[in-house]
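Coordinate inspection notes
Spelled out from the first residue to the last, the chains are:
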Amino acid sequence: MLAALMAGMEDSGEMGGAGAAGVRRENGSDGANRNGSNMATVLGIIELCWGDVGLLLSMPGQGLGNSAIASVATEEQLERFGGKWAAMAITEPEAGSDSAAIRTTAELDDEEWVLNGEKIFVTAGERAELIVVWATVERSAGRAGIKSFVVPKHTPGLVLERLEHKLGIRASDTANFRLEDCRIPRTNLLGSEEVHTENGFAGAMQTFDNTRPLVAAMAVGLARACIEETTRLLGESGIAVDHAAAPWRQPAAAARLVELEADYEAARLLTLQAAWMADNAKPNSLQASIAKAKAGRSCVEIALACVELCGAAGYCESGLLEKWARDAKILDIFEGTQQIQLLIVARQLLGRGSAELR
Ligand SMILES: Cc1cc2nc3c(=O)[nH]c(=O)nc-3n(C[C@H](O)[C@H](O)[C@H](O)COP(=O)(O)OP(=O)(O)OC[C@H]3O[C@@H](n4cnc5c(N)ncnc54)[C@H](O)[C@@H]3O)c2cc1C
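Quick look at the structure, then. (Residues numbered from 1 in each chain as written. Predicted model: local features only at pLDDT ≥ 70, side-chain atom pairs only at ≥ 80, totals over all residues. Heavy atoms only, no water.)

Re the overall build of the protein
Short version of the rule: By the criteria applied, helices consist of DSSP H or I runs no shorter than four residues and strands consist of E runs no shorter than two, each listed in order from the N terminus. Exposure classes here rest on a 1.4 Å probe applied to the protein chains alone. A residue is buried below 20% of its type maximum, exposed above 50%, and partly exposed in between. We call two residues contacting when some pair of their heavy atoms lies within 4.5 Å.
From N to C terminus, the protein includes 11 helices and 8 strands. Within the protein, the fraction of its 358 residues that count as buried is 50%. Taking as baseline every contact in the protein between residues at least 6 positions apart, the subset at least 24 positions apart corresponds to 71%.

Structure (C-alpha cells):
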C-alpha cells in the first residue's frame, strides 16, 4: 500500500519525485532556491523509519539500485527500468569498504555483457526485480574500469545462493548471489562504456552523493522514534523535560534526553543540508558523508542511550526500543561504514586522494 502511495506521488510530479526512484541529480541551477526530489525523499524516509527501517528497505521500488538508476540512467533506460524494484550489488567477499577491489568481471561478447563473480549482502536481493551489479570491464584500469550493470532478476546465470540471518532489520532480506556467465544486453550498462582513467570511478561513486543522505535519513527517523518513545516512557514515570530550564535543574534522565535531542537535531540538519545541496546542483560529496557519519553514529548512540534510560522497559521485546537498538547498527555500516565516511571527509578537507590517505 505504501509503495503504491509513493508511486502515486511520483506519478503526480507534484513533489518532483518521491522515494528512492525519484532522486535525481539536478544538472544546473537557475539561481532559484528549491527543495526538490532529494529533500522530499529524505523527509519521506525520516517519517517511514519512525517505526521500521526494515519495512522501508522492503518497499517495492525503493531500493538503492533505484537511486542508482534514477541518478545516471539515460531516458531510454529509465523507460525500461523505471517503476521496477532495483537492489544494489557492490559488496563481494574480498571487497567491502574497499569497493575499488571488486573482482566481478563484465566482458563484451557481441552485443551482450557476460558477467562472472560473486555478490554478497544484497539488500532486497531476493524480492527486487532488478539487481544493479558493479563489475569491472578492465581489471588493469583499476577503479576506472568499474561500471554498473542492470541485471534482471531471472536472467540465466544469476544464482541466488542464500539469505543472511541478522541482528536487526529482519523484515529486509539480505541475499548472496553468484554470477556465472550471466548475459545481459549491451544497453544495460549504466552510464558510459568508455574507461576514463582520470575520473572513471568518480561517476560510479557519485551515486553515493545521492544515496548517503537517504541512509542518514533512515538513521534520523529511527533516532527520533527512540527519543519520542523514551520521552513517553519517562513521562509515565513523572520525568518530563523542561526545555526552558538548565540541565542541572532537571532530573538526570531529563538532562540526558536533552543531550540526545541535540545530537538528533545536528544529524537531522546535516542530512537536510546534504539533500538540499543535491536539489540545488551544489557538489555535496563532503556533506553527504558528514551527514551519513553523524547520523549513523548518533542513531546507534541514541538508541542504546534510550534503552539505558528506560532500563528493563527498554531492553524487553514487549517494547520497540529493543528492536530499534538492534536495527540502528546497520545504518552505521552499510552504504559506507563510519570509518570510511570519516576517511572520505578527511580526504576532502585535506585535499588528499584515495592513494594518499587510506
Ligand atoms: C544487512 C546488510 C545489508 C547490506 N546491504 C548491501 C547492499 O544492498 N549492497 C551492497 O553492495 N552491500 C551491502 N552491504 C554490505 C556493506 O555495505 C558492507 O558490509 C560494508 O561496506 C562494510 O564492508 P565489510 O563488511 O566487508 O567490512 P570491511 O570493509 O572488512 O570493514 C571491517 C571494519 O574495518 C573498518 N575499515 C575498513 N577499511 C578501513 C580503513 N581504510 N580505515 C579505517 N577503517 C577501515 C570498517 O569501517 C569496519 O569497521 C550490506 C551489509 C549488511 C550487513
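Comments concerning the side chain of Q250
Short version of the rule: Any pair of N or O atoms that falls within 3.5 Å is considered a polar contact. Within protein, one atom must be able to donate a hydrogen and the other to accept it, and sequence-neighbouring residues count only if both atoms are side-chain atoms.
Counting through the fold element by element, Q250 comes out in the loop between α6 (200–236) and α7 (252–279). For Q250, a relative accessible area of 11% translates into the label buried. At a separation of 2.8 Å, a polar atom in the side chain of Q250 contacts the main-chain carbonyl oxygen of D242. When neighbours within four sequence positions are excluded, Q250 is seen to be in contact with A240, V241, D242, A245, A255 and V258.

Brief notes about the site of the ligand
What counts is decided by this rule: To be near a molecule or strand, a residue needs just one of its heavy atoms within 4 Å of it. Surface exposure here means Shrake-Rupley accessible area, sampled with a 1.4 Å probe, where a residue is shielded only by the protein chains that are shown. Three classes are used: nonpolar for Ala, Val, Leu, Ile, Met, Phe, Trp, Tyr, Cys and Pro, charged for Asp, Glu, Lys and Arg, and polar for all others, with Gly counted as polar.
Every one of the 21 residues lining the ligand counts as a neighbour, but T91, S97, F121, T123 and T337 are closest to it. I90 places a polar main-chain atom, nitrogen or oxygen, 2.7 Å from an oxygen atom of the ligand. Within the side chain of T337, an N or O atom sits 2.6 Å from an oxygen atom of the ligand. Summarising the interface, the protein chains cover 65% of the accessible area of the ligand, which totals 970 Å² for the free molecule. When residues of the shell around the ligand are traced back to their parent elements, those giving at least two are β1 (86–89), β3 (112–123) and α11 (338–350). The residue makeup of the shell around the ligand, split by class, is 11 nonpolar, 7 polar and 3 charged.

Looking at the pattern of salt bridges
Here is the rule: Here, a salt bridge means any side-chain nitrogen of Lys or Arg that lies within 4 Å of a carboxyl oxygen of Asp or Glu.
Counted according to the given criterion, the structure contains 21 salt bridges. Across the pair E76 and R80 runs a salt bridge, and its minimum N-O distance is 2.6 Å. Highlighted residues: E76 and R80, both in helix α5 (residues 75–81), separated by 4 residues, approximately one helical turn. Note on R80: relative accessible area 30%, which makes it partly exposed. The salt bridge partner of E228 is R224, with a shortest N-O separation of 2.8 Å. Taken as a pair, E228 and R224 lie in helix α6 at a separation of 4 residues, close to a single helical turn.

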